[in-house]
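One-letter residues, chain by chain:
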Amino acid sequence: MGGGHRRPLRPKPPAPLPGGRVWIQAFLEYSAGECHLSENTVAAYGRDLKRFATWLRDRDVASLTIRDLADYTAWLHDQGLSPASLARHLVSLKVFFRYLQLEGVLQTNLAELLGSQKLWQRVPKVLSPEQIDRLLQSPAKYDPFWRRDRALLELLYATGCRASEISYLKLQDLHLDEGYCLCRGKGNKERLVPLGQRAIESVREYLEHERGILVARAGGDAPWVLLSYRGRRLRRERIWELLKHYALRVGAPSTVSPHTLRHSFATHLLAGGADLRQVQEMLGHASIATTQIYTHVDTSRLKAIHRRFHPRS
């Protein structure tokens, strides 16, 4: 009657995963449920890994080689992504592969060999001080609410603030007599930023002559400094449009954006001899490594010092 012992039945291994999509979904659920990452972070991982799944198609994640992953980075580059987006995709891939290693799907995390974000960074474009001067003077009396626009441009360059930070700047944040304003950056972190005399004068002139007209159009007061034609908060998108409009007028590059003024702010401070830590604080960077991208512009100042003091220059 069969005296032999039967081997216990083992559960079947999971079926091969089409393109790794099942693992990606599991990783996103793990990130949200177990790691308690923010909704925005999980969503960002999801967007990046969706692109990875598109490239992967039906291949098995565990069979990928470092050459395959290098091909993936080249494929990302061909998609026209910016260097910052490329770097973020690589970070997402590394975190995902770390999860697969934790689950025993991978023995080693080959994604860690892909290089760091620094390889993808590009030096930010900046305007010269002469270009900045022309841009800040470009709003003219024939422009509707030219004082507001001049105050906007002066604030962007004087503070190095992001467009969203300027958009949400409130009257209570302005301390014109003391020469500074209070900015709220990412994570609602507050920082004090000095204001130059030209920016203070432009803001005062706008507050005195135009802001009241804009407030009246909304039928009541508004807390924000910069207001739209209808008396509402000047949106970030409108700030971009106005800057592009005036940049075109003075012949500045078509790629000029509010971040160009932010880059120029930091670049000109460092070129003038400002301390890197001070610039980091004014920009609201959590890490000084982020601010160090601007140190490339110090070359002009260093060359001048070299010519002045080196005996064989």
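Worth saying up front: this structure is predicted, and the values here are computed from it rather than measured.

1. Details of the confidence of the model for the chain
Phase 1: Counting all residues, the mean pLDDT for the chain is 83, and 84% of those residues have values of 70 or more.
Phase 2: In the predicted structure, residues 1-18 sits below a pLDDT of 50 and forms four contacts with residues beyond four places in sequence or in another chain.

2. Topic: the sheet that holds strand 3 (residues 190-194)
Phase 1: Reading across the sheet, the three strands line up as 1-2-3 and stay open at both edges, with antiparallel pairing between neighbours. In this open sheet, the two edge strands, each paired with only one partner strand, are strand 1 (174-175) and strand 3.
Phase 2: Note: strand 1 against strand 2 (residues 180-184), two bridges, orientation antiparallel. Residue pairing for strand 2: Leu-174 is matched across the bridge by Cys-181.

3. Digging into unusual backbone geometry
Keep in mind that most residues, glycine aside, have a negative phi and that most peptide bonds are trans.
Phase 1: In the Ramachandran plot, Arg-57 falls in the positive-phi region, its phi being about 55° despite a non-glycine side chain.
Phase 2: Despite not being glycine, Phe-145 shows a phi value in the positive range, around 55°.
Phase 3: Mapping Phe-145 onto the fold places it in the loop between helix 5 (129-136) and helix 6 (146-159).
Phase 4: By relative accessible area, Phe-145 is classed as buried at 13%.

Cut-offs used in this document
Residues numbered from 1 in each chain as written. Predicted model: local features only at pLDDT ≥ 70, side-chain atom pairs only at ≥ 80, totals over all residues. Heavy atoms only, no water. pLDDT = per-residue confidence, 0-100. Contact = heavy atoms within 4.5 Å. Pairing = 2+ DSSP bridges. Helix = DSSP H or I, 4+ residues; strand = E, 2+ residues; numbered from the N terminus. Buried < 20%, exposed > 50% of the residue type's maximum accessible area, 1.4 Å probe, protein only.

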